[in-house]
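A closer look at the structure
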Amino acid sequence: MIKNQTILAACTSFESNNGHLFLSIEYFQKNNFFSVNNKKIIKKILFILNTNQINWFFELSKHHAVSNGDITTPLVLFQKKIYLYKIWKSEKNILKYLYQKKIYFEFDLMTTCEILKKLFPSKEYNAQKTAVALRGPGTGKTTVIIKIIIALIKNTKKNIKIQLSAPTGKATTRLIEILNNHKIFDLYISSEEKKLFILPPVTIHQLLGISKTSDKIFFNKKNPLNIDILIIDEVSMIDIFMMHNIFSALQKNTKIIFIGDHNQLSPIGAGSILKKIYNYSHDGYSLETISYLKKITQYSNLFNKENKNNTFLISDKICILKKNYRFKTNSGIDILFKAHQTLCVIKDGPFGIKHINKTLENIMYKKNIIKKYFYINNQIWYLGKPIIITKNNKYLNLSNGDIGITNFDQQQKLQVCFLKDNNSTKCIPVDLLENYETAWCITVHKAQGSEFNQTTLILPNTDLKILNKEILYTAVTRSRKILKQRSLSTLTTTNPLS
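The following refers to the structure shown. Computed from a predicted structure; not experimentally measured.

The next point concerns the environment of Val235. Residue placement: Val235 occurs in the loop between β7 (229-232) and α13 (240-248). A sequence separation of 69 residues divides Val235 from Ala166, and the C-alpha atoms of the two residues are 7.4 Å apart. Not counting residues within four places of it along the chain, the set of residues in contact with Val235 comprises Met243, Phe258, Ile259, Gly260 and Leu274.

Turning our eyes to something else, we now look at a positive patch on the surface. Residues Lys89, Lys92, Lys96 and Lys221 make up a contiguous surface patch of positive charge. Along the polypeptide, Lys89 turns up in helix α5 (residues 85-98). By relative accessible area, Lys89 is classed as partly exposed at 40%.

Before going further, it helps to examine the pattern of salt bridges. Across all of its chains, the model carries one salt bridge by this definition. Lys354 is paired through a salt bridge with Asp348; the nearest N and O atoms lie 3.2 Å apart. Owing to a relative accessible area of 49%, Asp348 belongs among the partly exposed residues under this scheme.

Now for the side chain of Glu361. On the secondary structure map, Glu361 appears in helix α18 (residues 353-366). Put simply, Glu361 is tucked away with no salt bridge, and the nearest opposite charge, on Lys385, sits 4.8 Å away.

Moving on: unusual backbone geometry. The backbone of Glu234 sits at a positive phi, close to 55 degrees, despite the residue not being glycine. Inspection of the secondary structure assignment puts Glu234 in the loop between β7 and α13. Unusually for a residue other than glycine, Asn377 sits at a positive phi of about 55 degrees. Within the secondary structure, Asn377 is located in the loop between β10 (374-376) and β11 (379-381).

Right, let's talk about the sheet that holds strand β1 (residues 22-24) for a bit. The strand order β1-β4-β3-β2 describes an open sheet built from four strands, whose pairing is mixed. The sheet terminates laterally at β1 and β2 (66-67), the two strands that pair on one side only. With four bridges connecting them, strand β3 (residues 75-78) and strand β4 (residues 81-84) associate as antiparallel partners. By the bridge assignment for β4, Leu75 is matched with Leu84. In this fold α5 packs onto β3 and β4, with an angle of close to 100 degrees to the strand it touches most, β4.

Criteria and thresholds
Residues numbered from 1 in each chain as written. Predicted model: local features only at pLDDT ≥ 70, side-chain atom pairs only at ≥ 80, totals over all residues. Heavy atoms only, no water. Helix = DSSP H or I, 4+ residues; strand = E, 2+ residues; numbered from the N terminus. Contact = heavy atoms within 4.5 Å. Patch = residues over 30% accessible without salt bridge, like charges linked within 9 Å, V, L, I, M, F, W, Y side chains within 5 Å. Areas by Shrake-Rupley, 256 points an atom, 1.4 Å probe, with all protein chains shown as cover. Salt bridge = Lys/Arg side-chain N within 4 Å of Asp/Glu carboxyl O. Lys, Arg positive; Asp, Glu negative; His and termini not counted. Charge placed at Lys NZ, Arg CZ, Asp CG, Glu CD. Buried < 20%, exposed > 50% of the residue type's maximum accessible area, 1.4 Å probe, protein only. Pairing = 2+ DSSP bridges. Axes fitted to C-alpha atoms, helices over the stretch in contact; angles between N-to-C directions.

Rendered as structure tokens:
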């Protein structure tokens, strides 16, 4: 009995750390313990359990540490699924929010139609137009953000507060760039309107006031955010706990708009909420929403089926954008920073970033590309060395994921220049920098949210669990033009400094 209960708890905890929200009863019935395929290990577990056949549902039902969620227990058995209580509670609250009635601001139909005509002059079907018309939680590309904001501001009869946010400092910087550099935005929204309606973009941690030294969150159910609309980009990075924190901090009438790509990497923590929301998109729209969208977009065909699964309270708020839109950036500094990037999927070993970066440096040293090394604070520096910041630094105004290039200042001292808002650069002396890595090669995880003209992807020569379709999709979509796949077989590993 105790052994069975221990296996239940251990497997549930182990799999939640691997991103799973719950385990089905079938998981235990099929002896999928800890997701291992090794029959010898499974046989040993069954030997310890002293049985080949266990009624797992019965075992769970009578376990004192398991409930249906009505009382707080370590594990929850709900619809033949086993959850950790914290995950079950978070999922329940998220679904409760998503299933709530639609929140519509007052708007004039004729005014909205005119705004959409101006933003989308072509009569050809455009899913972005549908997304702007819905103005509800959904998935799509970052380029739709601007037109949603324009439609919201031009259609409102009151002053509204619009807050943009993203999971990382790098993604937040991209939001700032979008607001500052988009020509369409400037055509419709004045500087005064920007200041009046749009709050400066912040990271989700900054938005919620999450303490860096504890688990305390300043904005929560008892102290909600004072905003009307929250737009979050790169939602694929958000796990179930952070999503629960976000929903808990919203007032009843606050609208939330998700922008993201469900095909990209899942969050590091448990649960890919964006993927689960995306799955509802296959159910189609309710007849009421189809009628509304036809009127407001003036499209005769929306290419969406009627929802007959009674899930329209979620599916009605989703719009999937399939066409790929790219910003055109032609400045010299932009070309320098975004011309090429080498990517890999792991940190350690012969196919990891540490080894690859050292190997590339050695090759460049032998070919006299790196001409001279400098030792500063016990670190090796050289002209042209790229680095990536690995931890936010509010004092230097650097974000996790910022990439900089080493060069000389006017006094011929080494500095690192980072590309910031409006294509400006922020240059910092190398002796002030901390928490960084060499960035000739970076992981796909670090590259998420960035784009480069060309990328080279180096894959390990063995089958690893991390090599899934999400990480390959994310790697491929980092490249605007060319993706190259390379092997390390021709690279040398001799260290000229050893």
